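The lines below spell out each chain.
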Amino acid sequence: MLIELKNVNKYYQNGSQRFHVLKHINLAIDRGEFLSIMGPSGAGKTSLINLIGFIDRQFEGEYLFNGKSYQQASDRTLSRIRNQSVGFVFQNFKLIGNNTILENVELPLLYGDLSKRAAKPIVEKALERVGLPNSSQKIPNELSGGQQQRVAIARALVHQPKFIIADEPTGALDSQTSAEIMQIFRDLNQQEKTTIVLVTHDSQVSQYGERLIKILDGAIIADQEVTPRALH
Amino acid sequence: MRFTEIWTTALRAILKNKRRSILTMLGIIIGIAAVVTILAIGDGFSNWVTKSITANKSGKIETQIVFLPDGTANTNSDPFSQRDLSLIEQLPGVTKVKQSSSEGDYKQLNLPVKNKTKSVLVHFTKGKSSPVVAGRRLMPSDNQTGNQVAVIDVSLAKSLFGSTTNALHHGVEVDDHLYEIVGIRSRVTDSVNFSDAMSSEMPANITLPKRVHQRYVQNERSGDVLTLILTKGTKASKLSKKAIRILETQGSMRNQGDYQSSDPTTQADVFGKILNAITYFVSAVAGTSLFIAGIGVMNMMYISVAERTMEIGIRRAMGARQQDIRMQFLLESATLTILGGLIGYGLGVLLALGISALPVMPFHASFSLGGFLLAFGVSTAVGLIFGVMPANAASRKDLIDIIR
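Cut-offs and rules
- Residues numbered from 1 in each chain as written.
- Chains lettered and ligands numbered in written order.
- Predicted model: local features only at pLDDT ≥ 70, side-chain atom pairs only at ≥ 80, totals over all residues.
- Core = buried A, V, L, I, M, F, W, Y, C linked by C-beta atoms within 7 Å.
- Buried ≥ 20, exposed ≤ 12 C-beta atoms within 10 Å, placed from the backbone.
- Contact = placed C-beta atoms within 7 Å.
- Helix = DSSP H or I, 4+ residues; strand = E, 2+ residues; numbered from the N terminus.
- Pairing = 2+ DSSP bridges.
- Axes fitted to C-alpha atoms, helices over the stretch in contact; angles between N-to-C directions.
- Nonpolar A, V, L, I, M, F, W, Y, C, P; charged D, E, K, R; others polar.
- pLDDT = per-residue confidence, 0-100.
- Left-handed = near helix turned anticlockwise from the far one by under 90°.

(A) Structural detail: the nonpolar core. Core analysis: the largest hydrophobic core is formed by 116 residues, its most contacted members being A:Ile37, A:Ala154, A:Ile196, A:Val197, B:Ile32 and B:Val36. Sequence-distant contacts of B:Val36, defined by excluding residues within four places in its chain, comprise B:Gly344, B:Tyr345, B:Gly348, B:Val349, B:Ala352, B:Gly371 and B:Ala375. Ranked by size, the runner-up nonpolar core spans 22 residues in total, among them B:Val132, B:Ile152, B:Leu156 and B:Val212.

Here it is, written out as structure tokens:
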């Protein structure tokens, strides 16, 4: 198993109120899976993937990544895990606006101690992979939303992470562009066996995955295989 | 991330915000420029002083001690005994002591001119006098054969005789003796130029052959001057003070007069003191400027950190460690101040060159590697010291709070 959550609980302290955001989560994700997490806003989807993506470690229970727990790990170790193992795709792209596309996409490589010179061909290849060749010198604002999200995907896969976390990647895009973006994820999963954890509240989008988890009020209420019928 | 990549990122961030960066750098530029200017001028001054002292006579440093007898002094006795000489010769730094008479090369004199008295400077020379505008110069032969002749300057000639041509071959009276005017030199201004004063010859109103004048005043005083020849690197004023202290306690004539140092560098010392005071003042101003500039840098860095919270979050999510973020902002602040320091250094050099080009300055500014390193070091230090807190604040931001 790549990811194993065992009886995970998470609370937010809001003033004197304690808010139970994740309730007794048990979840196992294998290598090569394409998992969609679906649920309404406030159900705890983002809390769950922040936890999986080593962004948040304030939780109770056990999270094993490759069989190891990193709950007590130093900032150094966690940064390294994020750098080597996780690729993030966010709803609002989260590209650095002042930097060129090249500089945005090369970030994971540079923090992995590669030189700019060594990183450049890898970046170009990743941009080609998401259908944006010859755009490395542009800045994010010169691109459309769909193109920016492609850049973000290139950034998430450029360092060949163990898994990619996509938090509502199509939330800011129209349905045509959404379909294109989802196709990229699907190809990544099917051709390169990349593990993908995708969060969405759009049932259309969730149909691209192989497995669907429904979450409501912080608890998993369904865990099922996606039947290919919904695809057209 | 590699250091060079972090640094490139930092430089880029500075260039992105040119106007803000330049305004922030201004304090550093002014502070460093002030320090560099004053250092260059100070160095130039001390170089010039050492050169003008050592260049004087056979490349050695000299200082003089004069004995001034009071009324009770027995004029026949020698002002310095053999024992005095050997006492001073034993001082560390003194290579040789010479005894001579104070009958110097210059003398201030009151001359009656048209019912008034006028103060004139008389120069006694053994050699050639300065070029003349009429008549002839004094020659070494005048001194040797004892010709009772004189060269006077244009203004004195006019006030004594009406015109320069009238003055030639008339007489001028110095110390009750008459000298024939054989030459007229160009006008001597009253205010003595500082750079002239330090050179070997001062322009004098009247020039006489030394030997002729000495004949008349011979027995006034003799042997009342000690010339101390010092080893290189000794401070003349310090050593002559020491020598005087010894003479005042053990000198043979200590009860019949005073000992005084006549240091050829006293004028330079006064100037040096003024320069020192200016240096301290400018340094204080520069220090204040740098401190305030540092606070400006800190402020700008805090703003930069706040503006780029999202960027920090993205970088952290991509695997940047806390120390990478800290380094990025620290380098940004240091680069900013180093850039300011370099600009300030350039400005300081220009300023120093400009000041030393002024006609009143007798010397040139001098630039040293040390001055450059100081400017570089100080500006780096300001950037690092005032960048630490914002950089730490940036690195301590909790990822969970900034990424959502």
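(B) Broad picture of unusual backbone geometry. Residues and elements named next belong to chain A. Of note, the phi angle at Phe93 is positive, near 65 degrees, even though the residue is not glycine. In this structure, Phe93 sits in the loop between β6 (86–89) and α3 (101–105). Its 23 C-beta neighbours within 10 Å are what place Phe93 among the buried residues.

(C) Structural context of the sheet that holds strand β3 (residues 34–38) of chain A. All names here are of chain A. Spatially, the six strands line up as an open sheet ordered β6-β7-β8-β3-β9-β10, and their pairing is mixed. Each of the sheet's edge strands pairs with one partner strand only, and the pair in question is β6 and β10 (219–225). Each adjacent strand pair in this sheet contributes to an overall mean axis angle of 15 degrees, direction not counted. Sheet topology places strand β9 (residues 211–216) next to β10; six bridges connect them, and they run antiparallel. In the strand pairing of β10, Ile215 is matched with Ile220. Where helix α1 (residues 45–52) meets the sheet, its contacts fall on β3, β7 (163–167), β8 (195–200) and β9, and the angle it forms with β8 comes to roughly 155 degrees. Strand contacts of helix α6 (residues 145–157): β6 and β7, with the helix running at about 170 degrees to β6, the strand carrying the most contacts.

(D) Quick look at the interface of chain A and chain B. Taken together, the contact between chain A and chain B spans 21 residues of the former and 18 residues of the latter. When residues of the side of chain A that touches chain B are traced back to their parent elements, those giving at least two are α2 (75–85) and α4 (107–111) of chain A. In terms of residues, the side of chain A that touches chain B owes the most to one element, α2(A), which gives six residues. Considered class by class, the residues forming the side of chain A that touches chain B number seven nonpolar, six polar and eight charged.

(E) Examining the confidence of the model for chain B more closely. Residues and elements named next belong to chain B. Per-residue confidence for chain B gives a mean pLDDT of 81, with 87% of residues at or over 70. This stretch, residues 191–199, has a pLDDT under 50; its non-local contacts, to residues over four places away or in other chains, come to 10 contacts. Across the whole predicted complex the pTM is 0.68, and at the interface the ipTM reaches 0.91.

(F) Quick peek at the packing of helix α3 (residues 82–89) of chain B against helix α9 (residues 236–250) of chain B. All names here are of chain B. Where α3 meets α9, the axes come as close as 10 Å, and the angle between the chain directions of the two elements is 145 degrees. Judged by the twist between their axes, the crossing of α3 over α9 is right-handed. When α3 is examined against α9, the residues Asp84, Leu87 and Ile88 are found in contact with a partner set consisting of Ala243, Ile246, Leu247 and Gln250.

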